[in-house]
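# Secondary and tertiary structure notes
These are the residues of each chain, in order.
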Amino acid sequence: MADPVAGFRWATGIEDTFIAQTGPGRRRLDEYELQQHYRLWHEDIALAAETGFDSIRYGIPWYAVEPERGRFEWEWTDRVMAHLLDTGLDPIIDLVHYGTPLWLDDQFLNPDYPDAVASYARAFALRYPQISCYTPLNEPFINAELCGLEGRWPPYLHGDSGFCSVMNQIAKGIVLTVQALEEVRPDAIMVHVEATDHIIVDESLEGRAQLDVDRHLIALDLIQGRAGGDDAISSYLRAHGLKDADFEWYRGNAIGIDVLGLNYYPMLSLKRHFLDSSGATREEYIWGGGEYLAQIVRAHHERYGCPIFITETSANEKCALEYGFVTAEDDAPPDYLRRRWLDESVATV
């Protein structure tokens, strides 16, 4: 990949999520299957190349390429990687875009997870030495939220302790993945991608709301060895299971961030927390727009001092009516809001 700080770069991508392990009565989620990408990959990549973009974020289904620990099936990825490189698009490889292989019991909580994901990363880098740009794991916060806090994905934990346990494992896996990739390719560029959140709150809720925002920073702070002091993030982690030995491990294995990718959705990344008439805490989504995208980018740059990459953004067309951009009587085109948001987000960046 070209030097990421040398100038502005455009990237596109193909949506991917791989949750192969499921509970009783639940089907697996493989978005390449849903989009028929396993069958139409050649056409999909050709269409992506026709956009004229510089780069493409592209996810690898870890569960499919390593069906048994240490045994890799590269036939499909061999063809895809060759075609990707032939198009002239610089691949930014998402090594883990949610989910783990079927053989990894307890998923992220398996004590072998950090070593297992690093071994997979090393094997991929050795197989494809032409690839120079990687995302070790997409959205650590969302993984920990859905797997550890809300119990929606395996291993189906609930609560703050579950969140912190999953986050600790994920962050250690990211560190070992980066170390493995840099052993194979010392000039590799790491694009660490995280979800964003901004919360507007009533005064009575400010403490908890700030913690909700700060939790999006936990993985980034851990992998850089920044956690372990007397700040709110460290206190939260200690209260829910992390030990001094964990913080010492991160400090001893701290990695830098070459590029920080931020995923921002104007209909999801801004929320308002308030108390209703019964005194219960409520949450509602607010259209964020370019104003809050700018605030979030500046805040992350001030904190981490690295190049920023908007790695995901889009606008759901149903929001055009919901937020009053159009009315039911308007003869608006079906992609009205996406075009509007494309213009606004680019202008903001």
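Residues numbered from 1 in each chain as written. Predicted model: local features only at pLDDT ≥ 70, side-chain atom pairs only at ≥ 80, totals over all residues. Heavy atoms only, no water.

Across its full length, the chain holds 14 helices and 12 strands. In terms of C-alpha radius of gyration, the chain reaches 20 Å, essentially the compact-globule figure of 20 Å for 349 residues. Taken along its principal axes, the extent of the C-alpha atoms in the chain is 60 × 55 × 50 Å. Expressed as a percentage of the 349 residues in the chain, the buried residues total 51%. Long-range pairs, those at least 24 residues apart, make up 71% of the contacts in the chain between residues at least 6 apart in sequence. Of the roughly 15900 Å² of accessible surface on the chain, 49% is carried by carbon and sulfur atoms. Of the side chains in the chain, 29 bear a positive and 57 a negative charge, and the two mean positions are spaced by 3 Å. (Helix = DSSP H or I, 4+ residues; strand = E, 2+ residues; numbered from the N terminus. Rg over C-alpha atoms; globule rule 2.2 N^0.38 Å. Buried < 20%, exposed > 50% of the residue type's maximum accessible area, 1.4 Å probe, protein only. Contact = heavy atoms within 4.5 Å. Areas by Shrake-Rupley, 256 points an atom, 1.4 Å probe, with all protein chains shown as cover. Lys, Arg positive; Asp, Glu negative; His and termini not counted. Charge placed at Lys NZ, Arg CZ, Asp CG, Glu CD.)

Let us look at the pattern of salt bridges. Counted by the stated rule, this structure contains 21 salt bridges. Asp244 is the salt-bridge partner of Arg238, the closest N and O atoms lying 3.7 Å from each other. Using a relative accessible area of 33% as the deciding quantity, one classes Arg238 as partly exposed. Residue classification places Asp244 among the partly exposed residues on the basis of a relative accessible area of 48%. Note that Arg272 is salt-bridged to Glu284, the shortest N-O span being 2.6 Å. One end of the pair, Arg272, is in strand β10 (residues 270-275); the other, Glu284, is in strand β11 (residues 281-285), with 12 residues separating them in the sequence. Exposure remark for Arg272: the relative accessible area of 29% places this residue in the partly exposed category. Residue Glu284 is classed as partly exposed on the basis of its relative accessible area, which comes to 32%. If you follow the salt bridges from partner to partner, you end up with Arg57, Asp94 and Glu312 in one network. (Salt bridge = Lys/Arg side-chain N within 4 Å of Asp/Glu carboxyl O.)

Further remarks concern the packing of helix α5 (residues 113-127) against helix α7 (residues 160-184). In contact at an axis separation of 8 Å, α5 and α7 are set at 30° when each is read in the N-to-C sense. Judged by the angle between their axes, α5 and α7 are roughly parallel. Remark: the crossing between α5 and α7 carries right-handed chirality. Residues Tyr113, Pro114, Asp115, Val117, Ala118, Ala121, Arg122, Ala125 and Leu126 of α5 pack against Gln169, Ile170, Lys172, Gly173, Leu176, Thr177, Ala180, Leu181, Glu183 and Val184 of α7. Across the contact of α5 with α7, the residue classes tally to 12 nonpolar, 3 polar and 4 charged. (Axes fitted to C-alpha atoms, helices over the stretch in contact; angles between N-to-C directions. Parallel < 35°, antiparallel > 145°, perpendicular 65-115°, else oblique. Left-handed = near helix turned anticlockwise from the far one by under 90°. Nonpolar A, V, L, I, M, F, W, Y, C, P; charged D, E, K, R; others polar.)

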